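A closer look at the structure
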Amino acid sequence: MYQQMIFVNLPVNDLDASKKFFTELGYTLNAQFSDENAASVVISDTIVAMLLTKPFYSTFTKKQIADATATSEVLICLSAESREKVDELVDKAIAAGGTESGEKQDQGFMYGRAFDDLDGHTWEVMWMDPAALEG
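Below is a short write-up of the structure. The model shown is predicted, which means the values in this text are computed figures rather than measured ones.

1. Describing the pattern of salt bridges
When charged atoms on two side chains of opposite charge get close, those side chains can pair. In this structure the tally under the stated criterion is eight salt bridges. Its salt-bridge partner being Asp-91, residue Arg-113 comes within 3.1 Å of it at the nearest N-O pair. Taken as a pair, Arg-113 in strand S8 (residues 110-116) and Asp-91 in helix H3 (residues 83-95) lie far apart in primary sequence, 22 residues in all. Take Arg-113: its relative accessible area is 9%, and that puts it in the buried class. Overall, the relative accessible area of 39% leaves Asp-91 in the partly exposed class. Salt bridges linked by common partners bring Asp-87, Asp-91, Glu-100 and Arg-113 together as one network.

2. Looking at the packing of aromatic side chains
By the definition in use, this model includes five aromatic pairs. Here Phe-21 and Phe-115 contribute two aromatic rings whose centre-to-centre distance is 6.2 Å and whose plane-to-plane angle is 55°, an arrangement assigned as tilted. Taken together, the residues span a long stretch of sequence, with Phe-21 in helix H1 (residues 15-24) and Phe-115 in strand S8 at a distance of 94 residues. Of the two residues examined, Phe-21 and Phe-115, each falls in the buried class.

3. Points about H1
Three or more residues of H1 are buried, namely Leu-15, Ser-18, Phe-21 and Phe-22. Buried residues along H1 cover an arc of 120° about the axis, so they all sit on one side. In H1, the exposed residues that point more than 90 degrees away from the buried face are Asp-16 and Lys-20. Check the buried side of H1 and you find it contacts strand S1 (6-12), strand S3 (38-42), strand S4 (47-53), H3, S8 and strand S9 (122-128). Its side-chain oxygen at 3.2 Å from the backbone nitrogen of Asp-16, Asp-14 defines the N-terminal cap of H1. In the segment just after H1, Gly-26 is the residue with positive phi, at about 105°.

4. Describing the side chain of Arg-113
In terms of polar contacts, Arg-113 uses its side chain to reach the side chain of Asp-87, at 2.9 Å. Only 2.9 Å separates the side chain of Arg-113 from the side chain of Glu-100, close enough to count as a polar contact. Dropping the residues within four chain positions of it, Arg-113 is found in contact with Val-86, Asp-87, Val-90, Asp-91, Ile-94, Glu-100, Lys-104, Trp-123, Glu-124 and Val-125.

About the thresholds
Residues numbered from 1 in each chain as written. Predicted model: local features only at pLDDT ≥ 70, side-chain atom pairs only at ≥ 80, totals over all residues. Heavy atoms only, no water. Salt bridge = Lys/Arg side-chain N within 4 Å of Asp/Glu carboxyl O. Helix = DSSP H or I, 4+ residues; strand = E, 2+ residues; numbered from the N terminus. Buried < 20%, exposed > 50% of the residue type's maximum accessible area, 1.4 Å probe, protein only. Phe/Tyr/Trp six-rings, centres within 6.5 Å; stacked < 30°, edge-to-face > 60°. Arc of directions from axis to C-beta. Contact = heavy atoms within 4.5 Å. Polar contact = N/O pair within 3.5 Å; in protein donor to acceptor, adjacent residues only side chain to side chain.

This is the structure in structure tokens:
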């Protein structure tokens, strides 16, 4: 069965620093789709973050590139398999130079935290109790 993928393209200020940041979170780089202008960060079998230098990113759009430290252009949300995995990923991001974003969300059946990466892009990490989905 075909599994649709998502490729999130993000402009970055310092490609090497961004590659280091995401590998410190435990993700891998796909060298086949990485070069001096872009890095392909494999998040899962169906999710890839494409980190693009700003000059390269600008070849794909005529719009002004948002300064993600000052404006919100997108909120990226990743699922996690447990509350502990939420905390683990966000804590890794902070240790790697990211910053915690917003308040912890704890609604019992749903738990989430968020971080901003080195360029200010907000990544939410969310766990939801599978039993709550069934009910």
